[in-house]
Structure formats: C-alpha cells, structure tokens
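Notes for the structure review
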Amino acid sequence: MYEKRKHLLKIVAIYILAALVITFLLIYYSEDQRVKANNDNKENQVTVKPETFKQEYRNSKGEVRLILSYQYPNLSGEYKGIDKANCRYTTLFSNWLKEQDEIIDSVSEEENTGGSKYGNEVSYTITFNRNNIFSVLFEGYLFTGGAHGMPYRTPTNIDLRGGDEVDLTKLMNKSKEQIKKQVNDAFKKKIDQDKSLYWDNAYTIVEQTKFEDLRYYFTENGIVFYFDPYVLAPYAAGFVEATISY
C-alpha cells in the first residue's frame, strides 16, 4: 500500500514538473517573439533637415514669369548608408535643376506680359522610416500654361545599411515574377471595382509593365505601387495606386 502511494506521488510530481516546464517555455517563447517583433519594427534613428531651393525668374521687362522650388531631405545618423542616401537626394535635385534650363531660357527671352506665371515645384513626404528602410516620395507640379499643370512623382526607397535602393525580392523573399503577380492582382481588383473609371486597356498596360519599371513607395500599411495620370485613366483620376503587403 505504501509503495503504491509513493509511486502515485512520483507520477503526480512528474506531471506538475512537466506542467511548470511547459508553462515556462510558453511564457519565454511568447516574450521572445514579442521582443523580436518589437526589434523588427524599430523606427530608424536618423535626423532629417529639409534643404530648400527657391528661385524666381524674370522676363526681359523684369516681370516674374517663373517660380522654381525644390525641397529634399538631408539625413544625419550612424547608418553606413547615410552619405550615399544624401548623395542620391542631391543628385536628384541637380538633375532636376538642369532639366529646367529650357524653360528658364524661354522666360528670360520672353517679352509678352500678363497671363499665369509658370512654375515647377517639388516637395517631399517621408512615407516610411522603420526597419532600416527610409522611403521618401518626391511630388512635383509643373505648370507651363494651359488648363492645368502636370503632377509627377519620384520615389526613393533607401536601405540605410548600405545606401542602396531596397531590393524587394530579398525583402519579401519572393521572385520578381511572384511580386509582379501580386501587383497585377491588386490592380485588377481595383480596376474591376469600377471599370468605367479606367481606359479599356488599363489592365493590359499593368500586365505589360516590366517589374523593373514598377514605381512604388513604402507605408505603414504596405507597399504602394502607382501609375501616373493618363496612363491607366483620365487626368482627373490622378495617380492610380494599389497596395500590397510585405
């Protein structure tokens, strides 16, 4: 009788010990996953200083006929890719300014007065700043007369660890073909919601766009891919966007 009771107590003790071990492992694993999730969603430790260019240009009579403005970020921090990222932003600005030479020359030689001033203005928005990814969307508006101007965008998605553009295939652990299919499906769903808003061949244009020609920026909700006005729909539709998760 005593031996049976002793054996039973041993079994109970083993069950209690096993339950304690399992409980400890569950708590540890849960905490480890929580810490990992927090570490994987860290805000980048960078300081951003806006750099601004603004210049007025006058015609031969001294009247202001053109206003150019451009704003871009200047980053500082401990990341290896900071200098390369800043070089990317300044190069974009330098190239943009060179592209304005023709309109600057035409204004300086202009003798006619009156009418709307021409303009080309660019500002930026930091759309994502986490997990070593620094995503900036430059948005411009060019007006050279007519009923309305033309909006345009330039996205930059920098991996601060090296200063290069983010490699989507490595980030998402998917092939170009797999990612392109996700993008195609997202735009098809959007277009199918109301086909009357888009050109008849809108989805064909999406399908025929090469992976390398896709343009996108990061947000907290996912990766936003977009097409310029007039590409998939009339001007009034603006930029047509579709978001996929990552």
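Residues numbered from 1 in each chain as written. Predicted model: local features only at pLDDT ≥ 70, side-chain atom pairs only at ≥ 80, totals over all residues. Heavy atoms only, no water.

Notes on the sheet that holds strand β1 (residues 46-58)
Taking strand neighbours across the sheet as the criterion, the six strands line up as β1-β2-β3-β4-β5-β6 in an open arrangement whose pairing is mixed. Looking along the sheet, the strands with just one partner apiece sit at the ends: β1 and β6 (164-165). Relative to strand β4 (residues 133-143), strand β3 (residues 118-130) is paired through eleven bridges, and the arrangement is antiparallel. Its bridge partner being in β4, valine 122 is matched across the sheet by glycine 140. Packing of helix α2 (residues 82-98) onto the sheet brings it into contact with β1, β2 (64-77), β3, β4, β5 (150-159) and β6, and relative to β2 it is tilted by some 175°. (Pairing = 2+ DSSP bridges. Helix = DSSP H or I, 4+ residues; strand = E, 2+ residues; numbered from the N terminus. Contact = heavy atoms within 4.5 Å. Axes fitted to C-alpha atoms, helices over the stretch in contact; angles between N-to-C directions.)

Details of the sheet that holds strand β8 (residues 222-227)
By way of backbone hydrogen bonds, the strands of a sheet pair with one another, either parallel or antiparallel. Reading across from one edge, β7-β8-β9 is the order of the three strands in this open sheet, with antiparallel pairing throughout. The two strands at the open ends of the sheet, each matched to only one other strand, are β7 (216-219) and β9 (240-244). Neighbouring strand axes in the sheet, compared pairwise and without regard to direction, differ in orientation by 25° on average. Alignment of β8 against β9, held across five bridges, turns out to be antiparallel. Each bridged residue has a counterpart across the sheet, and for phenylalanine 227 the counterpart in β9 is valine 240. Along the sheet, helix α5 (residues 176-193) makes contact with β8 and β9, crossing β9 at roughly 125°.

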